Protein chains: 2
Amino acid sequence: MATGFSSSDNKLVSMAERDVQHRLGETDVDFEALAVMSNIFRVANRARYHFERTVLATEGLSFTAFTTLWVLWIWGELEARHLAVHAGITKGTLTGVVSTLASRELVIRRHHPDDRRLVLIAATEQGEALMAELFPRFNAEESSLTKRLNSERRRELADSLRVVLRTIESLEAT
Amino acid sequence: MATGFSSSDNKLVSMAERDVQHRLGETDVDFEALAVMSNIFRVANRARYHFERTVLATEGLSFTAFTTLWVLWIWGELEARHLAVHAGITKGTLTGVVSTLASRELVIRRHHPDDRRLVLIAATEQGEALMAELFPRFNAEESSLTKRLNSERRRELADSLRVVLRTIESLEAT
DNA sequence: CTAGAATTGTTTGTATCCAAACGATATGCT
DNA sequence: AGCATATCGTTTGGATACAAACAATTCTAG
C-alpha cells in the first residue's frame, strides 16, 4: 500500500493505545476488549496486504480468490453455497470470484446432476497445480509472521481466537 | 450475511482444521502458524460483519467509515495521508470514504493554510455527536465478544497480536 | 396433480479497496 | 530565478463485497 498502515512497533502501538485511553478517559470503557478487537483488525488488514504483495502478487490472485481456490483444493468439488460459507463471503460475491477464477481456467462450474438449482464448483488441474506451488510459499509466510511467538503462545493465540469466534456465533444464533 | 459463515463451535472448528491436517499430511506444513492466521482472518471477518449488523446498521455506516470517523474523533483534525494510515486504508480509498462522510455532513474538508497540496479533515459537530452515541455501544459489543476470556487472556491475546503486527512490519521494512 | 412456498445462483445497485496515472503544489539544486 | 524532482489528493479501472430483487428449479400441501 502506498501510504502504508499505522506505525506499530511496540512503542508506537502502546503510544497510540495510550493516546486513546487518554482521550476517552477511564469511565465505562473496556480498554482490554478495545485492544483485543482493534489489534485483530489491524493484524488481519496488514497480513492480508502482506500476503497479497509477497505470495499472491506474482500470480495476480486476490486474497479472496486464493482462499476460494484453497478451499476447493482441500475439500474438492463443492456446491456454491457451501463454498461461499467456507470462504467467508456471500453467495453473490462468490459468483463474481468464481467467474474471475473460471476465466483463468483455475476453476470449473457444472450443474448438479440431481438438482439443477445447484452449481458444483471444482478446481481444474491448472488450479490444483497452482495451489500445490502456492500453498507452501503461503504457509512459509504464515510461519514467518508468527515466528516470534513460541509454540505455546501460538497455540494459545489460536485458541483464544476460536473462543472469540464461538462467542460471536453464539450471539448471532439468537 | 445471507449465507452466513463457516460453522465453528469448538467441535466444528477443530473438525475443519483436522480435515485440513488430514488432507495436507504432516510434511513441511506449519499447522500452528496456519491455525493462527486463518483464525485471525475468520474472527476479523465475522466481527466486522457483526459490528456492521448490530451497531452500525442503524446509522448506515460501513465499518471503514466508522473507523475513519472514530480516528478523527480521537485525534482531531488530521491531514488526509495521516488519516489514511490510522484508518488502515490507502489514500485513494480514503478519498471515497471521506466523500461519503462529507455528503452526510459528518466530516469536513479544508485546505492546509500553509501547504495547498495538503487536505485537512475533521469531524463536524454532527460527526462528533454521532460518535459520542455510537462508541459506547460499539465498545459494549467489543466487551461481549471477548467476555469468555478472562482479563489475563485478553491481555495476552492483544499482546500476541501486537507481536505478530510488529513482525509483519519488520518484514516489510526490508 | 397442481398451485403456492421454499431454495439456489445470478443480477443489480451501491460502496469499498488497491494500483497506477494524473494534476496541482512545493522543494531543491544550480 | 528557474527547472527538475518530490509530494499530495484525486481520478481511473478492475476486482471485491453486501443486500435485495430475480428467474429457475424443487418441494409441499391439499
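Just above, that's the structure.
In what follows, the accompanying structure is described. From a predicted model like this one, the values you see are computed outputs, not experimental measurements.

Cut-offs and rules
Just so you know, the residues in each chain are numbered from 1, in the order the chain's sequence is written. The order in which chains are written sets their letters, starting at A; the order in which ligands are written sets their numbers, starting at 1. Totals for whole chains, interfaces and linings use all residues, but because this is a predicted model, local features are given only for residues with pLDDT of at least 70 and pairs of side-chain atoms are given and counted only at 80 or more. Under the DSSP-based scheme used, a helix requires at least four consecutive residues in state H or I and a strand at least two consecutive residues in state E, with every element numbered from the N terminus. Think of it as a crowd count around each C-beta: if 20 or more other C-beta atoms lie within 10 Å the residue is buried, if 12 or fewer it is exposed, and in between it is partly exposed, with C-beta placed from the backbone throughout. For every residue pair, C-beta atoms are placed from the backbone, and the pair is scored as a contact if these atoms sit within 7 Å. For each residue, a C-beta atom is placed from the backbone, and the residue is labelled near a molecule or strand when this atom is within 6 Å of it. Gly falls in the polar group here, along with every residue not listed as nonpolar (Ala, Val, Leu, Ile, Met, Phe, Trp, Tyr, Cys, Pro) or charged (Asp, Glu, Lys, Arg). Every helix has an expected span of 1.5 Å times one less than the residues it contains. To obtain the bend at a residue, axes are fitted to the seven residues ending there and to the seven starting there, and the angle between these axes is taken. A set of buried Ala, Val, Leu, Ile, Met, Phe, Trp, Tyr and Cys residues, joined through C-beta atoms within 7 Å, is what we mean by a nonpolar core. Strands are labelled as partners when DSSP assigns at least two bridges between them. With axes taken as lines fitted to C-alpha atoms, and helix axes fitted only over the stretch in contact, angles between N-to-C directions fall between 0 and 180 degrees. Superposition of the copies was done by least squares, using only C-alpha atoms of residues whose pLDDT is at least 70 in both.

## Thoughts on the overall build of chain A
Within chain A one finds seven helices and three strands. Mapped from its N terminus to its C terminus, chain A presents α and β elements in the order α-α-α-β-α-α-β-β-α-α. Classification of the 174 residues of chain A by burial places 34% in the buried group. Sequence-distant contacts, at least 24 apart, represent 47% of the contacts inside chain A between residues at least 6 apart.

## Concerning the protein's contact with DNA strand D
Around DNA strand D, a shell composed of 25 residues is seen, among which A:Thr64, A:Gly92, B:Ala80, B:Arg81 and B:Gly92 lie nearest. Sorting the residues of the surface near DNA strand D by element identifies α3 (63-75) and α5 (91-103) of chain A together with α4 (80-87) and α5 (91-103) of chain B as the ones contributing at least two each. In terms of residue count, the dominant contributor to the surface near DNA strand D is α5(A) (five residues). Here the surface near DNA strand D is built from residues that sort into eight nonpolar, nine polar and eight charged.

## Let's talk about helix α6 (residues 125-145) of chain B
Since there are 3.6 residues in each turn of an α-helix, residues three or four apart along the chain are aligned in direction. In this model, α6(B) (21 residues) spans 30 Å end to end at C-alpha, consistent with the 30 Å of a helix rising 1.5 Å per residue. At B:Leu134, α6(B) shows its largest kink, close to 30°, and the proline B:Pro136 lies no more than four residues downstream. Within α6(B), burial applies to B:Gly127, B:Glu141, B:Glu142 and B:Leu145. Among the structural elements, α2 (31-56) and α7 (151-172) of chain A together with α2 (31-56), α3 (63-75), β2 (107-111) and β3 (119-123) of chain B are those in contact with the buried residues of α6(B).

## Brief notes about the interface of chain A and chain B
Counting residues at the interface gives 68 residues for chain A and 68 residues for chain B. Looking at the side of chain A that touches chain B, the element that brings in the most residues is α7(A), giving 19 residues. Residue composition of the side of chain A that touches chain B, by class: 30 nonpolar, 18 polar and 20 charged.

## Brief notes about the nonpolar core
Residues A:Ile40 and B:Ile40 are the most contacted members of the largest nonpolar core, which totals 80 residues. Non-local contacts of A:Ile40, meaning those with residues more than four positions away in its chain, are made with B:Ile40, B:Val43, B:Ala44, B:Ala47 and B:Leu161.

## Points about the sheet that holds strand β1 (residues 78-79) of chain A
Residues and elements named next belong to chain A. Read across the sheet, three strands follow the order β1-β3-β2 without closing on themselves; strand pairing throughout is antiparallel. The two strands at the open ends of the sheet, each matched to only one other strand, are β1 and β2 (107-111). By the bridge criterion, two bridges tie β1 to strand β3 (residues 119-123) in an arrangement that is antiparallel. Among the inter-strand pairings, leucine 78 is bridged to a residue of β3, identified as isoleucine 121. Taken strand by strand, α3 contacts β1, β2 and β3, and its axis lies near 90° from that of β3.

## Side note on unusual backbone geometry
Residue and element names in this part refer to chain A. Its identity as a non-glycine residue notwithstanding, glutamate 105 has a phi of 60°, on the positive side. In this structure, glutamate 105 sits in the loop between α5 and β2. By C-beta crowding, glutamate 105 is classed as exposed, having 11 other C-beta atoms within 10 Å.

## Structural notes on the pairing of β3(A)
Two faces make up the sheet, and in a regular strand the side chains alternate between them. Note that β2(A) and β3(A) share five bridges and pair antiparallel. The residue bridging A:Arg110 from the neighbouring strand is A:Leu120, located in β3(A).

## Section: the relation of the copies chain A and chain B
Of the transformation placing chain A onto chain B, the axial shift is 0.0 Å and the rotation is 180°, giving an RMSD of 0.1 Å. Given the turn and translation reported, the copies of this chain are related as if by a two-fold rotation axis. Of the interface residues in chain A, 100% have counterparts in chain B that sit at the interface too, so the contact is made through matching surfaces.

## Observations regarding the protein's contact with DNA strand C
Among the 25 residues in the neighbourhood of DNA strand C, the closest are listed as A:Ala80, A:Arg81, A:Gly92, B:Thr64 and B:Gly92. When contributions to the surface near DNA strand C are tallied by element, the ones reaching two or more residues are α4 (80-87) and α5 of chain A together with α3 and α5 of chain B. Looking at the surface near DNA strand C residue by residue, the class counts come to eight nonpolar, nine polar and eight charged.

Interpretation note: all reported values are geometric properties and have no functional meaning in isolation.
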